[in-house]
Amino acid sequence: MKKETMTSRQRVLTTLGHQEPDRVPLFLLLTMHGAKELGLSIRDYFSKAEHVAEGQFRLRAKYGHDCLYGLFYAPVEIEAWGG
């Protein structure tokens, strides 16, 4: 019997709950790849959050993975805590 297809959220939460999802969650942490999808330079891509979001949505549609990676400036957390 085939399992019903889960959403990415359901798949991840099911896995975190130590249960079996419809498939293993796939996290492709694609950062700069969205620029190529949108035909933008890296500088232009990261200049607007809307570009990054659109790039992430397109990559998710293309590869079918379960994670949108919105963190495009990693030091922001360190800076926020005084580092």
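The rules we used
Within each chain, residues carry numbers counting from 1 in the order of the written sequence. Per-residue local features of the predicted model are confined to residues with pLDDT of at least 70, and side-chain atom pairs are confined, for both listing and counting, to 80 or more; whole-chain, interface and lining totals are unaffected and use all residues. The side-chain quantities take in all heavy atoms of the structure and omit both hydrogens and water. In this analysis, rings of Phe, Tyr and Trp, with Trp reduced to its six-membered ring, are considered paired at centre separations within 6.5 Å, and the interplanar angle assigns stacked below 30 degrees, edge-to-face beyond 60, and tilted for intermediate values. Residue burial is assigned from relative accessible area. The probe radius is 1.4 Å, only protein chains are included, and a residue is buried under 20% of its type maximum, exposed over 50%, and partly exposed in between. Each residue gets a pLDDT score, which is the predictor's confidence in that residue and runs from 0 to 100. Elements are defined by DSSP. Helices are runs of H or I of four residues or more, strands are runs of E of two residues or more, and each kind is numbered from the N terminus.

Q: When you look at the packing of aromatic side chains in this model, what are you seeing that I'm missing?
A: Each pair of aromatic rings is reported with the distance of its centres and the angle of its planes. Taken as a whole and assessed by the stated rule, the structure comprises one aromatic pair. Each ring, one from Y45 and one from F46, has its centre 5.0 Å from the other, and the planes form 65 degrees; the classification is edge-to-face. A relative accessible area of 24% places F46 in the partly exposed class.

Q: Any chance you could explain the confidence of the model for the chain here in plain terms?
A: Atom-level detail of predicted coordinates should not be read off regions where pLDDT is low. Put simply, the chain has an average pLDDT of 90, and 96% of its residues get 70 or more. Ranking the helices and strands of the chain by mean pLDDT puts helix α1 (residues 8-16) first, with 96, and helix α5 (residues 75-80) last, with 80.

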